[in-house]
There are 4 protein chains.
Amino acid sequence: MARPASEEKRTAIMNATIGLVAAAGTGTSTAKIAKKAGVAEGTVFTYFSTKEALLSALLLELEGELADILLKDPLPGDEGREDMQHFWNRLIDWGVTNPTKWRTLKRLKISSQVPDSIRTQGERRFDEAAVVLARALARQAGEDANIRYAGIIMNAIAEATFDAIADNPNQRETLKLRGFAVFWGGMAGLSQEGSLTL
Amino acid sequence: MARPASEEKRTAIMNATIGLVAAAGTGTSTAKIAKKAGVAEGTVFTYFSTKEALLSALLLELEGELADILLKDPLPGDEGREDMQHFWNRLIDWGVTNPTKWRTLKRLKISSQVPDSIRTQGERRFDEAAVVLARALARQAGEDANIRYAGIIMNAIAEATFDAIADNPNQRETLKLRGFAVFWGGMAGLSQEGSLTL
Amino acid sequence: MARPASEEKRTAIMNATIGLVAAAGTGTSTAKIAKKAGVAEGTVFTYFSTKEALLSALLLELEGELADILLKDPLPGDEGREDMQHFWNRLIDWGVTNPTKWRTLKRLKISSQVPDSIRTQGERRFDEAAVVLARALARQAGEDANIRYAGIIMNAIAEATFDAIADNPNQRETLKLRGFAVFWGGMAGLSQEGSLTL
Amino acid sequence: MARPASEEKRTAIMNATIGLVAAAGTGTSTAKIAKKAGVAEGTVFTYFSTKEALLSALLLELEGELADILLKDPLPGDEGREDMQHFWNRLIDWGVTNPTKWRTLKRLKISSQVPDSIRTQGERRFDEAAVVLARALARQAGEDANIRYAGIIMNAIAEATFDAIADNPNQRETLKLRGFAVFWGGMAGLSQEGSLTL
DNA sequence: TATGAATGAGCCTTCATTCAT
DNA sequence: AATGAATGAAGGCTCATTCAT
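Residues numbered from 1 in each chain as written. Chains lettered and ligands numbered in written order. Predicted model: local features only at pLDDT ≥ 70, side-chain atom pairs only at ≥ 80, totals over all residues. Heavy atoms only, no water.

Enquirer: Let's hear about the overall build of chain A: which residues, and what values?
Expert: When helices and strands are tallied, chain A shows 10 helices and zero strands. Dimensions of chain A, computed from C-alpha atoms along their principal axes, come out at roughly 60 × 40 × 30 Å. Nonlocal contacts in chain A, meaning residues at least 24 apart in sequence, comprise 72% of its contacts between residues at least 6 apart. Charge separation in chain A, taken as the distance between the mean sites of 24 positive and 25 negative side-chain charges, equals 8 Å. (Helix = DSSP H or I, 4+ residues; strand = E, 2+ residues; numbered from the N terminus. Contact = heavy atoms within 4.5 Å. Lys, Arg positive; Asp, Glu negative; His and termini not counted. Charge placed at Lys NZ, Arg CZ, Asp CG, Glu CD.)

Quick look at the structure:
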């Protein structure tokens with residue numbers, strides 16, 4: 001009956017936020033976000049009750065998008081190196097294609113403007129992927145390898161890989177391969193240290 | 001800048017900043033910093049012309065401190081794994097001993113309140129360490145391994161290691177070993193991918 | 001203004017306003033009013049062009065309701081104490097029965113969000129009652145007693161009486177009697193001071 | 001050492017607030033207050049941490065001022081009508097001399113922007129005066145007359161008296177006398193209704 | 001007519017920085 | 001040099017009102 005809430009506007013606000021958070025951190029003002037999104041300052045608050053709510057929604061959205069991409073295509077199915085590399089390639093491709101999203105996601109994950117509960121909720125998006133990852137990892141790093149720890153390291157090496165690709169875009173595939181080799185080699189190192197009681 | 005009288009006050013301001021940035025990010029107000037440092041609000045600005053100047057000085061100071069620690073003790077001198085592990089141990093020990101410093105350093109490195117020129121300048125502090133690192137790395141990852149890339153990954157794995165140690169303080173030594181194994185294994189993986197022209 | 005369709009909605013808006021103004025003052029937002037009334041935000045403005053118009057209409061309505069009540073039942077007709085006490089009892093009964101209306105009326109009478117012209121207009125609602133009051137008063141306080149002055153005092157003592165009854169509901173009748181005694185005694189005092197030329 | 005906090009500025013802010021609250025209610029903006037006081041917007045908050053704190057301080061200050069005035073001069077000492085009239089005269093004189101203060105005080109007493117705890121605290125300022133009032137009242141209205149109730153009525157009649165004086169300034173003394181006669185007569189009426197158990 | 005999204009002025013408050021003392 | 005009061009530009013958010021549906 002009334003003017004319907006516009007998905008388009010919501011998206012515009014989110015995209016503006018992605019761009020600004022990537023460039024200037026979560027300290028960007030809602031006024032700048034509104035301006036960049038092409039809406040009135042007040043409109044931001046009809047779509048997100050609070051700046052915190054906006055940032056939280058953005059974190060969940062980005063993690064959801066990434067998680068979906070990891071799982072979209074069928075896995076090779078070897079339950080080992082190839083499955084893992086499949087994930088790795090998806091991760092790198094997404095990050096390289098969406099550098100500002102990646103940067104924003106990274107910032108949101110450590111921002112004090114996003115409540116811990118949201119961060120926890122966001123990790124849940126990766127539960128499904130984590131199962132596959134765990135299976136593949138078990139072969140390379142032993143049954144009791146810690147997935148969370150492996151995940152953080154995978155992320156970190158991906159990070160370094162993005163940087164390298166950003167500096168040398170034409171070496172993209174090589175760098176992607178190399179990054180995985182590092183990760184996979186690291187996981188092998190992990191296996192040699194025996195089990196831990198955490 | 002002719003250093004104002006009291007070195008003590010300068011240090012107090014820096015320490016207060018470390019604590020507050022670790023806890024609340026670079027958004028902390030200069031007023032809070034002054035209060036925690038036990039000086040008047042205006043005094044902050046006789047030691048640092050600007051909040052940006054304060055944060056920049058802090059970044060350089062922390063990176064200097066860390067760089068010094070890496071080089072303080074004599075190296076084993078094998079120009080390989082042991083030299084590298086020596087660095088690794090220094091890095092982890094410093095981070096575990098000074099968690100707020102580590103956290104603050106991490107935040108400053110990505111803060112939009114610190115100009116890029118400072119960030120570049122800060123990396124220079126590690127030039128000397130990088131030389132040693134390069135030599136050691138050459139053996140494990142090949143002559144043309146990229147130090148910057150390796151450095152970023154080392155940092156990342158260290159980060160994951162801190163988290164793990166923070167959660168399980170009594171496993172500190174085991175986790176330190178494991179972290180290094182991962183790093184070293186990763187570097188081995190690096191070598192297998194052939195040379196890159198970057 | 002051609003009254004919009006639903007008298008029911010108009011009433012709902014007014015009632016919602018009564019409740020909210022009593023609780024939170026004339027600063028309450030039109031959005032809250034709409035919500036409490038169960039209508040859309042915009043609907044408030046099809047019934048009342050302006051928030052000011054809404055509050056003004058409410059003031060007039062409440063004063064009208066109270067004035068009607070004062071006159072509804074037949075007076076004892078002694079043109080003295082009994083007529084006056086009849087009014088007093090109506091007034092107190094209405095206030096005790098409708099505490100939020102009373103509270104809202106009180107607030108509207110001094111709100112800067114209601115124009116003076118409306119306040120004046122509202123007083124006109126009591127003209128008829130004032131005639132009776134004047135006659136009754138003449139006996140107790142002299143021919144030239146000032147009705148406006150007496151009215152204000154009556155109101156004030158009623159106010160104090162409401163408070164007392166709110167604190168001690170079971171003493172209602174006694175307090176009502178006592179309040180009138182105070183008022184009537186005061187009017188006697190008034191007569192002793194001789195006439196005034198106002 | 002630093003620029004000392006200026007009592008003058010604090011007073012300017014308070015006076016500006018008195019004027020604006022009298023004219024427009026407690027909804028007045030801190031920006032307007034600052035402007036009228038001739039200070040920067042931020043300065044308001046170096047003297048009062050919060051708008052609520054400002055209004056609260058103002059309420060306590062005004063009640064304190066009024067309470068002091070009631071007690072300043074020596075009482076006639078008859079412990080009856082004359083003592084009471086002494087209070088009455090002080091009250092009326094203050095209100096007539098400071099109409100905006102009176103108006104502001106009235107508004108603050110019912111504002112939802114002042115916490116109840118402050119209101120309670122404010123009433124305490126009148127404790128000393130209340131003792132005298134109670135004694136005088138006992139003679140006219142009986143031993144068990146309720147002081148709070150009497151106080152409210154006194155206030156209310158004073159209110160009506162101010163209005164009348166504002167309309168007819170040259171009748172000031174006569175109206176003051178008349179107002180007291182009404183109050184005193186009302187208290188006599190009170191005595192006739194017998195005791196209440198509240 | 002009813003709806004509620006859209007608007008932008010305005011609100012209270014915080015903050016980096018300046019400056020009188 | 002040290003202090004902290006003074007400043008005014010933002011900042012996040014609310015609100016009365018308008019307008020597309």
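Enquirer: Could you give me a rundown of the packing of helix H5 (residues 81–97) of chain A against helix H6 (residues 99–110) of chain A, with the residues and numbers involved?
Expert: The relative placement of two packed helices is expressed as an angle between their axes plus a distance between the axes. Residues and elements named next belong to chain A. Close contact between H5 and H6 brings their axes to 5 Å; oriented N to C, the two are set at 105 degrees. Considering the angle they form, H5 stands roughly perpendicular to H6. Contacts between H5 and H6 pair Leu91, Trp94, Gly95, Val96 and Thr97 from the former with Pro99, Lys101, Trp102 and Leu105 from the latter. (Axes fitted to C-alpha atoms, helices over the stretch in contact; angles between N-to-C directions. Parallel < 35°, antiparallel > 145°, perpendicular 65-115°, else oblique.)

Enquirer: Break down helix H9 (residues 147–167) of chain C for me, citing the residues and quoting the values.
Expert: If you check H9(C), its first and last C-alpha atoms are 30 Å apart, about what 21 residues at 1.5 Å a residue would give, namely 30 Å. The backbone nitrogen of C:Arg148 lies 2.9 Å from a side-chain oxygen of the residue at the head of H9(C), namely C:Asn146. (Expected span 1.5 Å × (residues − 1). Polar contact = N/O pair within 3.5 Å; in protein donor to acceptor, adjacent residues only side chain to side chain.)

Enquirer: Residues and numbers for the interface of chain A and chain B, please.
Expert: If you look at the interface, chain A gives 32 residues, while chain B gives 32 residues. Of the roughly 3,000 Å² buried at the junction of chain A and chain B (both faces included), carbon and sulfur atoms supply 66%. If you look at where chain A meets chain B, you find zero salt bridges. Inspection of the chain A/chain B interface yields five residue pairs in polar contact (both at pLDDT 80 or more). Put simply, the parts of the chain that give the side of chain A that touches chain B at least two residues each are helix H1 (7–24), H6, helix H9 (147–167) and helix H10 (172–192) of chain A. Sorting elements by how many residues they give to the side of chain A that touches chain B places H10(A) first, with 12 residues. (Buried area = accessible area lost by both parts, 1.4 Å probe. Salt bridge = Lys/Arg side-chain N within 4 Å of Asp/Glu carboxyl O.)

Enquirer: Can you explain the relation of the copies chain A and chain B? Please cite residues and give values.
Expert: Rotating chain A by 178 degrees and moving it 0.2 Å along the rotation axis overlays it on chain B with an RMSD of 0.3 Å. When the rotation and shift are considered jointly, the pair of chain copies conforms to a two-fold rotation axis. Of the C-alpha atoms belonging to chain A, the one lying closest to the rotation axis is found on A:Gly186, 1.8 Å away. (Least-squares fit on C-alpha atoms with pLDDT ≥ 70 in both.)

Enquirer: An account of the domain arrangement of chain A is requested, with residue identities and associated values reported.
Expert: Residue and element names in this part refer to chain A. In terms of domain boundaries, chain A breaks down into domain 1 (1–48) and domain 2 (52–192). Relative placement of domain 1 and domain 2: their C-alpha centres are 27 Å apart. On inspection of domain 1 and its partner domain 2, the count reaches zero salt bridges. At the junction of domain 1 with domain 2, the criterion picks out seven residue pairs in polar contact (both at pLDDT 80 or more). Looking at the side of domain 1 that touches domain 2 element by element, the count peaks at nine residues for H1. In terms of residue class, the side of domain 1 that touches domain 2 is made up of 10 nonpolar, four polar and one charged. (Domains from an automatic or database assignment. Nonpolar A, V, L, I, M, F, W, Y, C, P; charged D, E, K, R; others polar.)

Enquirer: Give a detailed account of the interface of chain D and chain C, specifying residues and quantitative values.
Expert: At the junction of the two partners, chain D supplies 32 residues and chain C supplies 32 residues. Buried surface at the junction of chain D and chain C, summed over both partners, amounts to about 3,000 Å²; 66% is from carbon and sulfur atoms. Remark: the boundary between chain D and chain C carries zero salt bridges. Joining chain D to chain C, the criterion identifies five residue pairs in polar contact (both at pLDDT 80 or more). Residue assignment for the side of chain D that touches chain C shows that the elements contributing at least two residues are helix H1 (7–24), helix H6 (99–110), helix H9 (147–167) and helix H10 (172–192) of chain D.

Enquirer: Help me get a handle on the packing of aromatic side chains, residues and values and all.
Expert: Residue and element names in this part refer to chain B. Under the definition given, this model contains 21 aromatic pairs over all chains. Each ring, one from Phe180 and one from Trp184, has its centre 5.6 Å from the other, and the planes form 20 degrees; the classification is stacked. Pair noted here: Phe180 and Trp184 are both in helix H10 (residues 172–191), with a separation of four residues, about one helical turn. The exposure class assigned to Phe180 is buried, which follows from its relative accessible area of 1%. Residue Trp184 is classed as buried on the basis of its relative accessible area, which comes to 9%. (Phe/Tyr/Trp six-rings, centres within 6.5 Å; stacked < 30°, edge-to-face > 60°. Buried < 20%, exposed > 50% of the residue type's maximum accessible area, 1.4 Å probe, protein only.)

Enquirer: Now, about the environment of B:Ile153: what can you tell me, with residues and values included?
Expert: All names here are of chain B. When you line up the elements, Ile153 lands in helix H9 (residues 147–167). With a relative accessible area of 0%, Ile153 lands in the buried category. Through-space distance from the C-alpha of Ile153 to that of Thr26 is 25 Å; in sequence the pair is 127 residues apart.

Enquirer: Just give me the short version of the environment of A:Ile165, but keep the residues and values in it.
Expert: For A:Ile165, the position within the fold is in helix H9. Between the alpha carbons of A:Ile165 and A:Val96 there is a distance of 7.6 Å; along the sequence they are 69 residues apart.

Enquirer: If you had to explain the relation of the copies chain D and chain C to someone new, which residues and values would you point to?
Expert: Mapping chain D onto chain C calls for a rotation angle of 178 degrees and an axial translation of 0.0 Å; the resulting RMSD is 0.3 Å. Mapped onto chain C, 97% of the interface residues of chain D are again interface residues, and the two copies thus contact each other with one and the same surface.

Enquirer: Describe the arrangement of the chains, listing the residues and the values that go with them.
Expert: Over all C-alpha pairs, chain A and chain C never come within contact, reaching a minimum spacing of 10 Å. Spatially, chain A is disjoint from chain D: no contact exists, and the shortest C-alpha separation is 20 Å.

Enquirer: Give me unusual backbone geometry: which residues, what numbers.
Expert: Residue and element names in this part refer to chain A. Positive phi values are uncommon outside glycine, yet Glu79 reaches one of about 55 degrees. Mapped onto the fold, Glu79 is located in the loop between helix H4 (51–72) and H5. Classification of Glu79 by relative accessible area gives partly exposed; the value is 35%.

Enquirer: Could you give an account of the environment of C:Asp83, naming the residues involved and the relevant values?
Expert: Residue and element names in this part refer to chain C. On the secondary structure map, Asp83 appears in helix H5 (residues 81–97). Take Asp83: its relative accessible area is 4%, and that puts it in the buried class. For Asp83 and Leu137, which are 54 residues apart along the polypeptide, the C-alpha to C-alpha distance reads 9.6 Å. The residues touching Asp83, leaving out its near neighbours within four places in the chain, are Leu75, Pro76, Gly77, Asp78 and Val132.

Enquirer: Tell me about the pattern of salt bridges, and please be specific about residues and values.
Expert: All names here are of chain B. Under the definition given, this model contains 52 salt bridges over all chains. Across the pair Lys176 and Glu173 runs a salt bridge whose closest N-O atoms are separated by 3.4 Å. Of this pair, Lys176 and Glu173 both sit in helix H10, three residues apart, roughly one helical turn. Using a relative accessible area of 6% as the deciding quantity, one classes Lys176 as buried.

Enquirer: Give me the lowdown on the side chain of B:Thr26, citing residues and values where you can.
Expert: All names here are of chain B. Inspection of the secondary structure puts Thr26 in the loop between helix H1 (7–24) and helix H2 (30–37). The class for Thr26 is buried, based on a relative accessible area of 15%. Separated by 3.5 Å, the side chains of Thr26 and Ser111 make a polar contact. For Thr26, the residues in contact, after removing those within four places along its chain, are Val21, Lys51, Leu55, Leu108, Ser111 and Gln113.

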